[in-house]
Amino acid sequence: MALLNIRWQQLHEVYQQHHDWLQGWLRKKTGNSWDAADIAHDTFVRVMDKDKLVQLRSEPRALLVHIAKGLVIDRWRHQQVEQAYHETLAQLSPELWPSVEEQHLLLESLQQVDRLLQSMPGQTRAIFLLAQLDGLTYQQIAEQLDISLITVKRHMRKAYLECLSL
């Protein structure tokens, strides 16, 4: 219990010393105070991890900025997926639109797929997309990327395992 109190005290001190600065930095990056406040909050939530609290001792602002940058990128990516979804939806006649609940579920699924794809190594993602979106065979992918067939199969196996873990 004493260790937990020490962690909370340390987090509280870092929050008091750096929250306003971080939120100001984020306001410049995001262009508005609402997103900045949300991301600053999420940054400190991530810092609550005991390993990150240890890292805070030496360079608190560097760690806060590192975490916040990742969250800003996640927010922008989320907004891009949402915008693309709405643009696609706008091309349909309104009577073909899914219900509001279905739209929410579809958008949530698209966000999960995006996160999954972003978590894959670059070559694995590229091979997976060539197979799934372009419909290329493993042999065609191997020829197009000038890699062996076994390498394509290995990357596809890795990609499928990632998908199954979702």
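One can find the structure itself at the top, above this paragraph.
Predicted, not measured: the structure shown is a model, and the values here were computed from it.

Chemist: Requested: an account of the overall build of the protein, with residues and values cited.
Modeler: Along the backbone of the protein there are eight helices and zero strands. N-terminal to C-terminal, the α/β element order of the protein is α-α-α-α-α-α-α-α. Its C-alpha atoms give the protein a radius of gyration of 21 Å, more than 25% over the compact-globule value 15 Å for 166 residues. Dimensions of the protein, computed from the C-alpha atoms along their principal axes, are close to 60 × 45 × 30 Å. In the protein, the share of contacts with a sequence separation of at least 24, taken over all contacts with a separation of at least 6, comes to 56%. Surface summary for the protein: the accessible area is close to 11,300 Å², and the carbon and sulfur share equals 55%.

Chemist: Let's hear about the packing of aromatic side chains: which residues, and what values?
Modeler: In this structure the tally under the stated criterion is two aromatic pairs. Arranged with centres 4.9 Å apart and planes meeting at 65°, the rings of Y15 and F44 form a pair that is edge-to-face. Taken as a pair, Y15 in helix 1 (residues 2-30) and F44 in helix 2 (residues 33-47) lie far apart in primary sequence, 29 residues in all. What makes Y15 partly exposed here is its relative accessible area of 37%. Ring geometry for F128 versus Y160: centroids 6.0 Å apart, planes at 85°, classification edge-to-face. Here the residue F128 occupies a position in helix 6 (residues 122-132), and Y160 occupies one in helix 8 (residues 149-165), the gap between them amounting to 32 residues.

Chemist: Quick rundown of the nonpolar core? Include the residues and the values.
Modeler: With 17 residues, the main nonpolar core has L22, W25, L26, I39, F44, L64 and A68 as its most contacted residues. Among the elements of the structure, helix 1, helix 2 and helix 4 (60-90) are those that each provide at least two residues to this core. No other element matches the seven residues that helix 4 contributes to this core. When residues no more than four places from it in sequence are discounted, the contact partners of F44 are L11, V14, Y15, H18, H19, L22 and L64. Among the nonpolar cores identified, the runner-up in size contains twelve residues, and L116, L117, M120 and F128 belong to it.

Chemist: Got a sec to walk through the packing of helix 7 (residues 138-145) against helix 8? Specific residues and values, please.
Modeler: Describing two packed helices takes the angle between their axes plus the distance from one axis to the other. In contact at an axis separation of 9 Å, helix 7 and helix 8 are set at 115° when each is read in the N-to-C sense. When the axis of helix 7 is compared with that of helix 8, the two are roughly perpendicular. Regarding helix 7 and helix 8, the two cross each other, and that crossing is right-handed. Along the contact surface, helix 7 presents Y138, Q139, I141 and A142, while helix 8 presents L149, V152, K153, M156 and Y160. Among the residues making up the contact of helix 7 with helix 8, the classes are represented as seven nonpolar, one polar and one charged.

Chemist: Describe helix 5 (residues 100-119), naming the residues involved and giving the relevant values.
Modeler: Spacing of three or four residues puts side chains on the same side of an α-helix, whose turn is 3.6 residues. With 20 residues, helix 5 should reach 28 Å at 1.5 Å per residue; the first-to-last C-alpha distance of 29 Å fits that figure. If you check which residues of helix 5 are buried, you get Q103, L107, Q111, D114, L116 and L117.

Chemist: Tell me about the environment of W21, and please be specific about residues and values.
Modeler: Counting through the fold element by element, W21 comes out in helix 1. In this structure the C-alpha to C-alpha distance between W21 and R61, which are 40 residues apart in sequence, comes to 9.0 Å. Apart from residues no more than four positions distant in its own chain, W21 is found in contact with R61 and V65.

Rules used throughout
- Residues numbered from 1 in each chain as written.
- Predicted model: local features only at pLDDT ≥ 70, side-chain atom pairs only at ≥ 80, totals over all residues.
- Heavy atoms only, no water.
- Helix = DSSP H or I, 4+ residues; strand = E, 2+ residues; numbered from the N terminus.
- Rg over C-alpha atoms; globule rule 2.2 N^0.38 Å.
- Contact = heavy atoms within 4.5 Å.
- Areas by Shrake-Rupley, 256 points an atom, 1.4 Å probe, with all protein chains shown as cover.
- Phe/Tyr/Trp six-rings, centres within 6.5 Å; stacked < 30°, edge-to-face > 60°.
- Buried < 20%, exposed > 50% of the residue type's maximum accessible area, 1.4 Å probe, protein only.
- Core = buried A, V, L, I, M, F, W, Y, C linked by side-chain atoms within 4.5 Å.
- Axes fitted to C-alpha atoms, helices over the stretch in contact; angles between N-to-C directions.
- Parallel < 35°, antiparallel > 145°, perpendicular 65-115°, else oblique.
- Left-handed = near helix turned anticlockwise from the far one by under 90°.
- Nonpolar A, V, L, I, M, F, W, Y, C, P; charged D, E, K, R; others polar.
- Expected span 1.5 Å × (residues − 1).

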